[in-house]
Amino acid sequence: MIVVTGATGNVGSALVSQLLAEGASVRALTRDPERAALPAAADVARLDLGGDLPQPADLGALFDGASALFLHAQAVGAHTAALLEAARARGVRHVTVLSSGIIQDGADTAHPIYVQHARLEDHVRESGLAWTALRPNAFATNAFQWAPQIRSGDTVSGPYPGAVSAPIHEADIAAVAVRTLLDDGHQGAVHRLTGPDPVTNEEQVHAIGAALGRTLRFVEVPPQDVRPELFPHVPPHMLPAILRTWGEAVGVEPEITTTVKAVTGQPARTFEEWATDHRDAFSS
Ligand SMILES: NC(=O)c1ccc[n+]([C@@H]2O[C@H](COP(=O)([O-])OP(=O)(O)OC[C@H]3O[C@@H](n4cnc5c(N)ncnc54)[C@H](OP(=O)(O)O)[C@@H]3O)[C@@H](O)[C@H]2O)c1
C-alpha cells in the first residue's frame, strides 16, 4: 500500500492513476474525500494538516498496511514531523518527498521557497525512513496562471515574457515518483527533474494558443505594476521573491536534466505535449 498526500493535486492525481495502473494499492489523502473525485480503486482517506488545525488523534491509522509514503509540502504543512513519525511507527519504510529544484549549492537560502523545502527535506532525513527527494524545477502547470485570461481573450498580460524555464509535465514527475515508490535502488537519491527544452513565458503562451488553434499575444506588464490578483495561486508574501526569480531567468539558459528518461525509460514530455493534454483548461 502506497500512501499519497496531496492526492488531488497536479502531481498527486497523476501519481494515484499511475500507481493504480501498475497494480499498486493506493491510499489517497485529501482534506475533503466527498469533493475529491479520486479513482474508485483508491482507498480515499481524510487528512487536513495544512493549516493550524489540531492534529487528528490517530495519524497512525492512515498508515495501516502501508509500506511507502509520497509527501507533499502543502498537504502536511507544519505537521510533517508528526506525520513521518506516525508512518514510521506503523511500519512504513520509504518516503519520497516532492521537494524543489531551488535546493542546490549556491541557492539563496533566505528565499521563502528554499526555506520551506529545506525544512521539509530536513524532516525527511531525520525521520529514520529510507527516503528519495524529487527536486523538480518549474512545473508546466504554472501556465494555468494564464488560463482565466486565455479563456476570455487572445491577449495575456504578465511580467517577464522572456523568462526562460524548462517546464516539466506533472505526469513525468509522477512517473519518476512511481519508480522510487515501487522499485529498490532510489534510497538516498536526489532526483533533479526538468522538462526537455528551454521555453520562455511568451513561447509557452504561443504553444497554448497553437494547441487551441488560436493566435495568442503576450503583453508585458512591468514588474512594479504586477498586482497579486494576477497570480491568485501564489501566496502574496511569496510574490516579490518569485518575481525576482523570474527576472533573473530572463535570457538565461535553464538547467536541463535527463533524469526523467534515466529513471522511467521515457523521455520527458515537451511543453507542447502539456499544452495539448490540458487544452480544455484554457477553452471557454
Ligand atoms: N509549481 C512549481 O513550479 C514547483 C516547482 C518545484 C516544486 N514544487 C512543489 O510542488 C508543490 C505543488 O505540487 P502540485 O502542483 O501537485 O500541488 P497542487 O496541485 O497545488 O495540489 C496540492 C494538493 O494538496 C492538498 N492540500 C492539503 N492541504 C493544503 C493546503 N493547506 N493548501 C493547498 N493544498 C493543500 C490539496 O488537496 P485537497 O484539497 O484534496 O486536500 C491539493 O490538491 C509545491 O507546493 C512545491 O512543494 C512546485
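Residues numbered from 1 in each chain as written. Predicted model: local features only at pLDDT ≥ 70, side-chain atom pairs only at ≥ 80, totals over all residues.

**Student:** It is not clear to me how the overall build of the protein chain should be interpreted in this structure. Could you clarify?
**Tutor:** Counting secondary structure elements, the protein chain contains 10 helices and 11 strands. The C-alpha radius of gyration of the protein chain comes to 19 Å, within 12% of the 19 Å expected for a compact globule of 284 residues. Taken over the C-alpha atoms alone, the protein chain extends approximately 55 × 40 × 35 Å along its principal axes. Here the protein chain holds 284 residues, and the buried ones make up 40% of them. Considering only contacts within the protein chain whose residues lie at least 6 apart along the sequence, 76% involve residues at least 24 apart. (Helix = DSSP H or I, 4+ residues; strand = E, 2+ residues; numbered from the N terminus. Rg over C-alpha atoms; globule rule 2.2 N^0.38 Å. Buried ≥ 20, exposed ≤ 12 C-beta atoms within 10 Å, placed from the backbone. Contact = placed C-beta atoms within 7 Å.)

**Student:** Looking at this structure, I do not really get the sheet that holds strand β4 (residues 68-72). What am I missing?
**Tutor:** The strands making up a sheet are joined through hydrogen bonds of the backbone, oriented either antiparallel or parallel. The 7 strands lie next to each other as β3-β2-β1-β4-β5-β6-β9, forming an open sheet whose pairing is parallel. Looking at which strands have only one partner, the edges of the open sheet turn out to be β3 (43-46) and β9 (190-193). In this sheet, neighbouring strand axes are inclined to one another by 20° on average, regardless of whether the strands run parallel or antiparallel. Bridge analysis of β4 against strand β5 (residues 94-98) gives 5 bridges, and the strand direction is parallel. Each bridged residue has a counterpart across the sheet, and for Phe 70 the counterpart in β5 is Thr 96. Contacting β4, β5 and β6 (130-136), helix α4 (residues 112-125) runs over the sheet at an angle of about 175° to β5. (Pairing = 2+ DSSP bridges. Axes fitted to C-alpha atoms, helices over the stretch in contact; angles between N-to-C directions.)

**Student:** Even after reading the chapter, I still don't get unusual backbone geometry, so can you show me in this structure?
**Tutor:** Leaving glycine aside, a negative phi is the common case for residues, and trans is the common case for peptide bonds. Phi angles above zero are rare outside glycine, and Ala 37 is one such case at about 55°. In this structure, Ala 37 sits in the loop between β2 (26-30) and β3. Under the C-beta neighbour-count criterion, Ala 37 is labelled exposed, with 10 such atoms within 10 Å. Despite not being glycine, Tyr 160 has its phi angle at roughly 50°, a positive value. Along the polypeptide, Tyr 160 turns up in the loop between β7 (155-158) and β8 (164-165).

**Student:** Help me understand the packing of helix α1 (residues 10-21) against helix α6 (residues 170-182), please; the structure alone is not making it clear to me.
**Tutor:** Axes are the key here: two packed helices are described by the angle between their axes and the distance separating the axes. For the pair α1 and α6, interaxial distance at closest approach is 8 Å and the crossing angle is 50°. Overall, the two elements α1 and α6 adopt an arrangement that is oblique. When you trace α1 past α6, the crossing you get is right-handed. On the side of α1, the interface is formed by Asn 10, Val 11, Ala 14, Leu 15, Gln 18 and Leu 19, while α6 contributes Glu 170, Ala 171, Ile 173, Ala 174, Ala 175, Ala 177 and Val 178. A class-by-class count of the residues in the contact of α1 with α6 yields 10 nonpolar, 2 polar and 1 charged. (Parallel < 35°, antiparallel > 145°, perpendicular 65-115°, else oblique. Left-handed = near helix turned anticlockwise from the far one by under 90°. Nonpolar A, V, L, I, M, F, W, Y, C, P; charged D, E, K, R; others polar.)

**Student:** Before we go on, may I ask you to explain the pairing of β2 in this structure?
**Tutor:** The side chains of a regular strand alternate between both faces of the sheet. Among the 5 residues of β2, 5 are classified as buried, and the element is accordingly described as predominantly covered. Alternating positions in β2 separate into two faces, Val 26, Ala 28 and Thr 30 on one and Arg 27 and Leu 29 on the other, with burial throughout. The sheet contact formed by strand β1 (residues 2-4) and β2 spans 3 bridges and is parallel. Bridged to Val 4 within β2 is Ala 28. A crossover links β1 with its parallel partner β2, the connecting element being α1, and its sense is right-handed. Here β2 runs beside β3; their pairing, made up of 4 bridges, is parallel. Along β3, the bridge assignment pairs Leu 29 with Ala 45. (Right-handed = clockwise from strand over helix to strand, strands pointing away.)

**Student:** For this particular structure, what's the right way to read α1?
**Tutor:** Every α-helix carries 3.6 residues per turn, so stepping three or four residues along brings you back to the same face. With 12 residues, α1 should reach 16 Å at 1.5 Å per residue; the first-to-last C-alpha distance of 17 Å fits that figure. Taken as a whole, α1 has its buried residues at Val 11, Gly 12, Ser 13, Leu 15, Val 16 and Leu 19. Tucked into the core, α1 has its buried residues touching β1, β2, β4, β5 and α6. Of the residues one or two after α1, Gly 23 is the one with positive phi, at around 90°. (Expected span 1.5 Å × (residues − 1).)

**Student:** For this particular structure, what's the right way to read the packing of helix α3 (residues 80-89) against α4?
**Tutor:** At a closest axis distance of 10 Å, the pairing of α3 and α4 adopts a crossing angle of 25°. Classed by the angle they form, the pair α3 and α4 counts as roughly parallel. Of the two elements, α3 crosses α4, and the hand of that crossing is right-handed. Judged by residue contacts, Thr 80, Ala 81 and Leu 84 of α3 engage Leu 120, His 123 and Val 124 from α4. For the contact of α3 with α4, the class distribution of residues is 4 nonpolar, 2 polar and no charged.

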